[in-house]
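Single-letter residue listing:
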Amino acid sequence: PGGTLAIIDYKTGRSVAPLRWFDPRPQGPQLPLYLLAHRAAVPAEAVAALAYAGVRAGNARWSGVAANAAAWPDLGSVEALTQGRIADWAAATDHWRAALAALAGEFVAGHAAVLPRSGACRTCGLQALCRVDAVAGADETDAADA
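Residues numbered from 1 in each chain as written. Predicted model: local features only at pLDDT ≥ 70, side-chain atom pairs only at ≥ 80, totals over all residues. Heavy atoms only, no water.

**Here we look at the packing of helix α1 (residues 30-41) against helix α3 (residues 89-108)**
Phase 1 of the analysis: Orientation of α1 relative to α3, taken along the N-to-C sense of each, is 100°, at an axis distance of 10 Å. By the angle between their directions, the pair α1 and α3 is classed as roughly perpendicular. Along the contact surface, α1 presents P32, L33, L35, L36 and R39, while α3 presents W89, T93, W96, R97 and L100.
Phase 2 of the analysis: Its residues assigned to classes, the contact of α1 with α3 comprises seven nonpolar, one polar and two charged. (Axes fitted to C-alpha atoms, helices over the stretch in contact; angles between N-to-C directions. Helix = DSSP H or I, 4+ residues; strand = E, 2+ residues; numbered from the N terminus. Parallel < 35°, antiparallel > 145°, perpendicular 65-115°, else oblique. Contact = heavy atoms within 4.5 Å. Nonpolar A, V, L, I, M, F, W, Y, C, P; charged D, E, K, R; others polar.)

Rendered as structure tokens:
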């Protein structure tokens, strides 16, 4: 309604819960990034919803966030999804712009800190290549040398 757009990504497997898009270091920020790219390319076209369309045999569902939950009842509003931590669509867009710019800045600067997400080490399977223990050991050595 109102001529706004929705950006939809179709998924046959798992997708990151939209609440994770609002983390200080957003997880799975593909749709928020698409929103920012679209806004930069076509500022006159308002995007008012981001959604995953989960499509599997016998099961289809929506997951995402909308500027106006009444316009797309299957999606929650920013306010409801973040429990009021982020007030509205404009604040969500500002959050994504700042958070993704910070991540991009770290990448450009060559920042490669070992910061696995909670629980990631249990399911990773790349322990032979991992630097988590080496970094933890270096921190303990630095503390002992101080």
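Now that the structure is up, let's keep going.
**Quick word on the sheet that holds strand β2 (residues 47-56)**
Phase 1 of the analysis: Spatial strand order, β1-β2-β3-β4: four strands in an open sheet with mixed pairing. Bordering the open sheet on either side are β1 (5-11) and β4 (76-77), each of which pairs with just one other strand.
Phase 2 of the analysis: In the sheet, β2 pairs with strand β3 (residues 59-66) via eight bridges, with the strands oriented antiparallel. Looking at β3, one finds that A53 is bridged to W62.
Phase 3 of the analysis: α1 rests against β1 and β2 of the sheet, and its axis sits at about 145° to β1.
Phase 4 of the analysis: Packed onto the sheet, α3 meets β2 and β3 and runs at close to 75° relative to β2. (Pairing = 2+ DSSP bridges.)

**Overview of the side chain of T93**
Phase 1 of the analysis: For T93, the position within the fold is in helix α3.
Phase 2 of the analysis: Residues in contact with T93, not counting those within four places in the same chain, are L35, L36 and R39.

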